[in-house]
Amino acid sequence: MGVVSWTLAFLRPYRRKAAVIFAFSLLEIGLAALAPWPLKVIVDYVLDGLALPPALAALTPSAIAGSAVAVLVVVVLAGLLIQIANEVTRMIHTQMQVQVAQRVVYTLRAKLLAHLQALPLRHHMLTPTADSVYRLDADAHCVDDLIIGGVFPLTLATLNLGVMFVVLVYVDLTLALLSLVVAPFLYVCLRFYSRTMLERAERVKALESTLIERAFEVLSSVAAVKSFTREHHELARFSSAGDDTMRARLRLTWQESLFSVVVTAITLAGTALVLIVGGHHVMNGTLTLGSLLVVIAYLAAVYDPISAIAHSTGSLQQAVASARRVRAIFALTPEVLDADDGIDASDIGGHIRFDAVSFSYGEHRNVLDSISFQARPGEMVALVGLTGAGKTTIASLIPRFFEPSSGRVLIDEVDVARYGLRSLREQIALVPQQPVLFTGSIADNIRYGRLDAFLSTRLPPSHSRVTPEFQERTICYAYMCSYAYACTEKSRRPAQVLTRRCMRYLPESMRQAPALSDLGLDLLAKRR
């Protein structure tokens, strides 16, 4: 599927709105086709004193037709109404285009985020988070650029060209054919520049993504940067990447500007040629001055959209490059959470056995090599080893965050690959090494591992064990967390402490309930 077909696929849910936009396009073109004619009437039939054409004379009341001033006033008012109607139509037309484009952008972002979440964990480990964020934010906006700057303007320009050419043929066949002389030159120019601009646009996108990755890396590791006083070092690395990105962007902008100048020169040359030949026809008496003004106005109506597209070609090429990056993500195979043949894991007993399991993150060496052990329900099994020995990898193989290179991981003597992925993961509670807080209240973060927790029983602020000072300083349910590790209310206490205290002040019956065992693990893990 090409980029155009891929873009048009996002417009299918908005077919009715697209049809209305198309109707407004036709109306706008019709009003634009009418706009030059009042000027022709004024020049030819008011100022030059030529007789009104029979069709126009039949529509003009005799009281008005007998006075040149009256005809002038009526024609000027008619032209004013046409121009105002055209502007109102253009305003509604533009607003509807923007509305559809924005809806498509957010639809694409939602689909892209869903697909990114569904990709295997290996992808997220090997791909910088900033690159995924850049694709989700900047690259996903490509559909807006392609629709607003490509599909709709090209459609309007094509319709404009057809309507105006038909009218030009009616006015003067020679001038109509001359208006098409620029087409081959525009085509050659577009073919020559678009290829190199697309390559440079893809390079700019890659460099900008790398620059965002650099900034994300520095800010996410700011504690290490500060502890080693490497602020100037990281700034120098960021500036170096920024300079490369800036130079690539400037080269692309220069090529865009050069292309725009060439296209404008071609259209101006075409207009000049038509003006020379048309002026000669006026001097020969085969064409009136008003008709020549109509021809010039129509040429502007045809050439202006072409020039606008030429000016935005750089943006279109960048949008095409972004579309390729987005489609590259969609081409990756996601995990299947609910396979039709997956076994329901809701009744598993918890007997875990590794049978000669090997695993490698790449092609160089195995992290795990023929590992075999078992953990029965009720047993506590400790995995001891140096950093990088594979302890976390072993834990990650149980919920199938990764697939073993060889061997089997079994739960209740059933290969975990046979279980439904969603039901399997719902039965496993993990304590991650690095706690992360989601934006939201402490309550939202506490119940992230179990979304129905605390829904029927709220934390009683008037409980006898909660002191007024603690109520005033913490407000557990209303406390807002920042993305990092501290709350942003008055006390700015670490979120871990507040989470433990919220759990501490639960009623004794709730703390001892067996149903809260996995919630307790989530609390200890600060899962959010």
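Residues numbered from 1 in each chain as written. Predicted model: local features only at pLDDT ≥ 70, side-chain atom pairs only at ≥ 80, totals over all residues. Heavy atoms only, no water.

## Describing the overall build of the protein
So, point 1. For the protein, the helix and strand inventory stands at 22 helices and six strands.
So, point 2. In the protein, buried positions account for 38% of the 528 residues.
So, point 3. Intrachain contacts of the protein at a sequence separation of at least 6 include 75% that bridge at least 24 residues.
So, point 4. When the accessible area of the protein is evaluated, it comes to approximately 29600 Å², of which 63% is carbon and sulfur surface. (Helix = DSSP H or I, 4+ residues; strand = E, 2+ residues; numbered from the N terminus. Buried < 20%, exposed > 50% of the residue type's maximum accessible area, 1.4 Å probe, protein only. Contact = heavy atoms within 4.5 Å. Areas by Shrake-Rupley, 256 points an atom, 1.4 Å probe, with all protein chains shown as cover.)

## Observations concerning the sheet that holds strand β4 (residues 414-415)
So, point 1. Strand order in this open sheet of four strands is β2-β1-β3-β4, and the pairing throughout is antiparallel. The open sheet has two edge strands with one neighbour each: β2 (368-375) and β4.
So, point 2. Strand direction decides the pairing type here: strand β1 (residues 352-359) and strand β3 (residues 406-411), joined by five bridges, are antiparallel. Its bridge partner lying in β3, Phe354 is registered against Val409. (Pairing = 2+ DSSP bridges.)

## Considering the pattern of salt bridges
So, point 1. Taken as a whole, this structure holds 17 salt bridges when the rule is applied.
So, point 2. The shortest N-O distance in the salt bridge between Arg325 and Asp131 comes to 3.3 Å. Separated by 194 residues along the polypeptide, Arg325 in helix α15 (residues 313-330) and Asp131 in helix α8 (residues 129-137) bring together distant segments of the chain.
So, point 3. Classification of Asp131 by relative accessible area gives buried; the value is 9%. (Salt bridge = Lys/Arg side-chain N within 4 Å of Asp/Glu carboxyl O.)

## Let's talk about the side chain of Lys205
So, point 1. Positionally, Lys205 belongs in helix α11 (residues 182-220).
So, point 2. This buried residue, Lys205, is left without a salt bridge; Asp139 holds the nearest opposite charge, at 4.0 Å.
So, point 3. Excluding residues that lie within four positions of it along the chain, Lys205 makes contacts with Tyr134, Asp139, Gln318, Ala321, Ser322 and Arg325. (Lys, Arg positive; Asp, Glu negative; His and termini not counted.)

## Quick notes on the packing of α8 against α11
So, point 1. Viewed as axis vectors pointing N to C, α8 and α11 meet at an angle of 125 degrees, and their least axial separation amounts to 8 Å. With respect to α11, the element α8 is oriented oblique. The crossing of α8 and α11 is right-handed. The residues of α11 that touch α8, namely those facing Thr129, Ala130, Asp131 and Tyr134, are Lys205, Glu208, Ser209, Ile212, Glu213 and Phe216.
So, point 2. The residue inventory of the contact of α8 with α11, partitioned by class, reads four nonpolar, two polar and four charged. (Axes fitted to C-alpha atoms, helices over the stretch in contact; angles between N-to-C directions. Parallel < 35°, antiparallel > 145°, perpendicular 65-115°, else oblique. Left-handed = near helix turned anticlockwise from the far one by under 90°. Nonpolar A, V, L, I, M, F, W, Y, C, P; charged D, E, K, R; others polar.)

## A word on the packing of aromatic side chains
So, point 1. Under the defined criterion, the tally for this structure stands at five aromatic pairs.
So, point 2. Ring centres 5.1 Å apart and planes at 85 degrees place the aromatic pair Trp6 and Phe10 in the edge-to-face group.
So, point 3. Residue class for Trp6 comes out buried when judged on its relative accessible area of 9%.
So, point 4. Centroid distance Phe354 to Phe373: 4.7 Å. Interplanar angle 15 degrees. Geometry classified as stacked. Note that Phe354 is positioned in strand β1 and Phe373 in strand β2, a separation of 19 residues in sequence.
So, point 5. Residue classification places Phe354 among the buried positions, given a relative accessible area of 1%.
So, point 6. Overall, the relative accessible area of 23% leaves Phe373 in the partly exposed class.
So, point 7. In this arrangement the basic side chain of Arg109 is found over the ring face of Tyr106, its NZ or CZ atom lying 5.3 Å from the centre. (Phe/Tyr/Trp six-rings, centres within 6.5 Å; stacked < 30°, edge-to-face > 60°. Lys NZ or Arg CZ within 6 Å of the ring centre and 35° of its normal.)

## Quick look at the nonpolar core
So, point 1. Counting residues in each nonpolar core, the largest one holds 59 residues, and the members touching the most others are Trp6, Val104, Leu108, Cys142, Val143, Val295 and Tyr298.
So, point 2. When residues in this core are grouped by element, the largest group, ten residues, is from helix α9 (residues 142-171).
So, point 3. With near-sequence residues (within four places) excluded, Leu108 lies in contact with Trp6, Phe10, Ala140, Cys142, Val143, Val326 and Phe330. (Core = buried A, V, L, I, M, F, W, Y, C linked by side-chain atoms within 4.5 Å.)

## What about the packing of helix α2 (residues 15-34) against α9?
So, point 1. As a packed pair, α2 and α9 sit with axes 10 Å apart at the nearest point and diverge in direction by 40 degrees. Taken together, the axes of α2 and α9 lie oblique to each other. Handedness of the crossing formed by α2 with α9: right-handed. On α9, the residues that touch Ile21, Phe22, Ser25, Leu26, Glu28, Ile29, Ala32 and Ala33 of α2 are Phe152, Thr155, Leu156, Leu159, Asn160, Val163 and Met164.
So, point 2. Its residues placed into classes, the contact of α2 with α9 shows eleven nonpolar, three polar and one charged.

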